[in-house]
Amino acid sequence: MKKMLSAAGVALLTALTAVFAFGQPAQAATGFSVSNGRLYDANGTEFVMRGVNHAHTWYPQQTSSFANIKALGANTVRVVLASGDRWTKNSAADVANVISLCKANRLICVLEVHDTTGYGEDGAATTLAKATDYWLSIADVLKGQEKYVIVNIGNEPFGNQGYSAWTTDTSNAIKRLRAGGLTHTIMVDAPNWGQDWSFTMRDNAGTVFNADPQRNTVFSIHMYGVFDTAAEISDYLGRFRTAGLPIVVGEFGFNHSDGNPDEDAIMSYAQTNRIGYLGWSWSGNGGGVEYLDMTTGFNPAQLTTWGQRIFNGANGIAATSREASVYAGSSPSPTTSPTTSPSPTTSPTPTPPPTTTPPPAGGCTATLTVVNSWQGGFQGDVKVTAGSAAISGWTATWTFANGQTVSQAWNATVSGSGSAWTARNVDYNGRLGAGASTTFGFIGNGSAATPAVTCSAS
């Protein structure tokens, strides 16, 4: 997110026109793919992004945000990362943990490098080539995640100067990622602080799309003050639709320092035309744009005016979001420790063995396993298995003996009363066939423990 455009840019917004000319898109073999201007998940089901941006790189301790964003209905989260060129580099291990949090909460992860923001105008920004270096350096944690991860090469890669290089630099970045073995859907941001008032992305999108040997690139426009009328919004997005090129609104707000975007028109047009949108941003804004926080202090129970609008308003996330079909019938859980885990110098805590309490025939069993632990905390996975008959819902209960608490959970609704804790299925994992299993997980505070878990079925 950032920032303003020049007065000349405003004039250009209505003065420039262009026509797309390019070949037919081709579909990728695995993971997400693009065809005829639409995005499809790995099952071949059309996927329309409905979600928000989360500033993970500046607030790495806010790991509960993923579950909270999901709980409000989002199907996608765009995650701010840093390549180390401007902000502290997110390690491969941290990115792997982010991906696991997305998967645990059944979210699609759009990962973006923020260090490129405003290159050419902001002297601290870096190039798309450097962002590409970063992606290739962490390729091992990205490969194999094509069903769940979209790679957004660089945020707003040019400001209002030097943006004529956008087409060549973006094309070259895509080619290098493909040569490096990344087969994910790639997302590319517009120049001009993401708002493309010069129409550089709009007029050259076909060239960039065809530079991708997989034809698996999605374009992202950021809509702030430049897009303050319904006519501007529909014209810009409509040209991509006419051209058969995939477009999403990768960032937008309800207000901004450079003008007043028409969020109602953005959300309405996007819903009518099956175009994805990702609002900016969950929480933690500064520099005079704190009004763009959707929550106060990352607290999902304290939605701001903007948060209420995007989640619960007309054409909002709650009413229009549909979970990616790749999560149907599965309950993935994280396999790495949260970002609040101790430094590598901390000795690991021994992991106790799992415990199981058998249920009556036709009910369910529950097994709790500690999959990771650190000083002052641990990560638990609970496997729920139906007995000799199918069940339509389940409840797991346990008691902590030494004051442990649960601070975050996924794939279940978890509540506590004193030392007693209860987990109930959510809507997508309650029905289990005879002998079938599902899992849920939680982050515990205190010493690692594996109390006996009782499971009851309905």
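Before reading on, note that the structure itself is shown above.
Numbers given for residues are sequential positions, taken from 1 along each chain in its written order. Since the coordinates come from a predicted model, pLDDT governs what is reported: local features require at least 70, and pairs of side-chain atoms require 80 or more to be given and counted, while whole-chain, interface and lining totals use all residues. Only hydrogens and water are set aside; all other atoms, that is, all heavy atoms of the structure, feed into the side-chain values.

Undergrad: Requested: an account of the pattern of salt bridges, with residues and values cited.
TA: One side-chain nitrogen of Lys or Arg within 4 Å of one carboxyl oxygen of Asp or Glu is enough to make a salt bridge. Under the definition given, this model contains 14 salt bridges. The salt bridge involving E46 is made with R274; its shortest N-O contact spans 2.9 Å. Of this pair, E46 sits in the loop between β2 (38-40) and β3 (50-54) while R274 sits in the loop between α9 (263-272) and β10 (276-279); the two residues are 228 residues apart in sequence, bridging distant segments of the chain. By relative accessible area, which is 28% here, E46 ends up partly exposed. Exposure classes here rest on a 1.4 Å probe applied to the protein chains alone. A residue is buried below 20% of its type maximum, exposed above 50%, and partly exposed in between. Accessibility expressed as a relative area gives 44% for R274, which makes it partly exposed. The salt bridge partner of R106 is E323, with a shortest N-O separation of 3.1 Å. Residue R106 is found in the loop between α3 (92-104) and β5 (108-113), and its partner E323 is found in the loop between α11 (317-320) and β13 (355-357); the two are separated by 217 residues along the sequence. The class of E323 is partly exposed, set by a relative accessible area of 29%. Ionic contacts of the salt-bridge type, sharing partners, join the residues R78, E112, D189 and E251 into one network. Under the scheme used here, helices are H or I runs from DSSP no shorter than 4 residues and strands are E runs no shorter than 2 residues, and both carry numbers assigned from the N terminus.

Undergrad: Now, about the state of the cysteines: what can you tell me, with residues and values included?
TA: Cysteine sulfur atoms that pair up within 2.5 Å are treated as a disulfide. Applying the stated criterion across every chain yields a total of two disulfides. The disulfide that involves C102 links it to C109, with 2.0 Å between the sulfurs. As the torsion about the S-S bond is roughly 60°, the C102-C109 disulfide counts as right-handed. In terms of burial, C102 and C109 fall into one category: buried. Here C364 pairs with C455 through a disulfide, and the sulfurs are 2.0 Å apart. Here C364 and C455 share a disulfide; its torsion about the S-S bond, -100°, makes the bridge left-handed. With C364 in strand β14 (residues 364-374) and C455 in strand β21 (residues 454-457), this pair connects stretches of sequence that are 91 residues apart. C364 gets classed as buried once you look at its relative accessible area, which sits at 0%. On the accessibility criterion, C455 (7% relative accessible area) is buried. Assigning the bonded cysteines of the protein consecutive numbers by sequence position, one obtains the connectivity 1-2, 3-4.

Undergrad: I'd like to hear about the sheet that holds β5, residue by residue, with values.
TA: Picture the strands of a sheet paired through backbone hydrogen bonds; they go either parallel or antiparallel. Following DSSP output, two strands are said to pair if at least two bridges run between them. Within the closed barrel, the eight strands sit side by side as β3-β4-β5-β6-β7-β8-β9-β10. Their pairing is parallel. Strand-to-strand twist in this sheet, taken as the mean axis angle between neighbours without regard to direction, amounts to 25°. Two elements, strand β7 (residues 186-189) and strand β8 (residues 217-223), share four bridges in a ladder whose sense is parallel. The residue of β8 that forms the bridge with I186 is T217. Residue contacts follow a heavy-atom distance rule, with two residues in contact if any of their heavy atoms lie within 4.5 Å. Fitted lines through C-alpha atoms give the axes, limited to the stretch in contact for helices. The angle between two N-to-C directions lies from 0 to 180 degrees. Where helix α6 (residues 166-179) meets the sheet, it contacts β7 and β8, and its direction lies at approximately 160° from that of β7. Across the face of the sheet, α9 comes into contact with β3, β8, β9 (247-252) and β10 while running at roughly 155° to β9.

Undergrad: Explain the side chain of H54 to me, and be specific about the residues and the numbers.
TA: In this fold, H54 is placed in strand β3. We classify H54 as buried; its relative accessible area is 0%. Excluding anything up to four places from it in sequence, H54 contacts Q62, S65, F66, I69, V77, R78, V79, V80, W282 and F298.

Undergrad: How would you summarise the packing of aromatic side chains if you had to cite specific residues and measurements?
TA: Working definition: rings of Phe, Tyr and Trp (its six-membered ring) pair if their centres are within 6.5 Å, and the pair is stacked with planes under 30 degrees apart, edge-to-face with planes over 60 apart, and tilted otherwise. Applying the stated rule across the entire model yields 24 aromatic pairs. Each ring, one from F252 and one from W306, has its centre 5.5 Å from the other, and the planes form 85°; the classification is edge-to-face. In this pair, F252 sits in strand β9 while W306 sits in helix α10 (residues 305-312), placing the two residues 54 residues apart along the sequence. Considered together, F252 and W306 belong to a single accessibility category, that of buried residues. Through a chain of ring-to-ring contacts, the aromatic side chains of F378, W394, W398, F400, W421, F440 and F442 assemble into a single cluster. By definition, being over a ring means that NZ of Lys or CZ of Arg is both within 6 Å of the ring centre and within 35 degrees of the ring normal. The ring centre of F199 lies 3.9 Å from the NZ or CZ of R202, which sits over that ring.

Undergrad: An account of the nonpolar core is needed here, citing residue identities and associated values.
TA: Soluble globular proteins tend to pack their nonpolar side chains together in the buried interior. Here, nonpolar core refers to any group of buried Ala, Val, Leu, Ile, Met, Phe, Trp, Tyr and Cys residues whose side-chain atoms link them within 4.5 Å. Formed by 93 residues in total, the largest nonpolar core has its most connected members in L111, W135, L142, I153, F219, I221 and L237. In this structure L142 touches V95, I99, L111, W135, V149, V151, L182 and H184, once residues within four positions along its chain are discounted. Among the nonpolar cores identified, the runner-up in size contains 25 residues, and A386, I391, V406 and A409 belong to it.

Undergrad: Describe in detail the pairing of strand β12 (residues 299-303), supporting the description with residues and values.
TA: Bridge count between strand β11 (residues 295-296) and β12: two bridges; the pairing is antiparallel. Directly across from T295, in β12, lies its bridge partner L303. Hairpin connection from β11 to β12: two residues lie between these consecutive antiparallel strands, with G297 at a positive phi of about 60°.

Undergrad: Could you give me a rundown of the environment of G363, with the residues and numbers involved?
TA: By secondary structure assignment, the location of G363 is in the loop between β13 and β14. Among the residues examined, G363 registers a relative accessible area of 9% and is labelled buried. Once the C-alpha coordinates of G363 and S456 are considered, the two residues, 93 residues apart in sequence, prove to be 6.2 Å apart. Apart from residues lying up to four places away in sequence, G363 is in contact with T385, A386, G387, I391 and A457.

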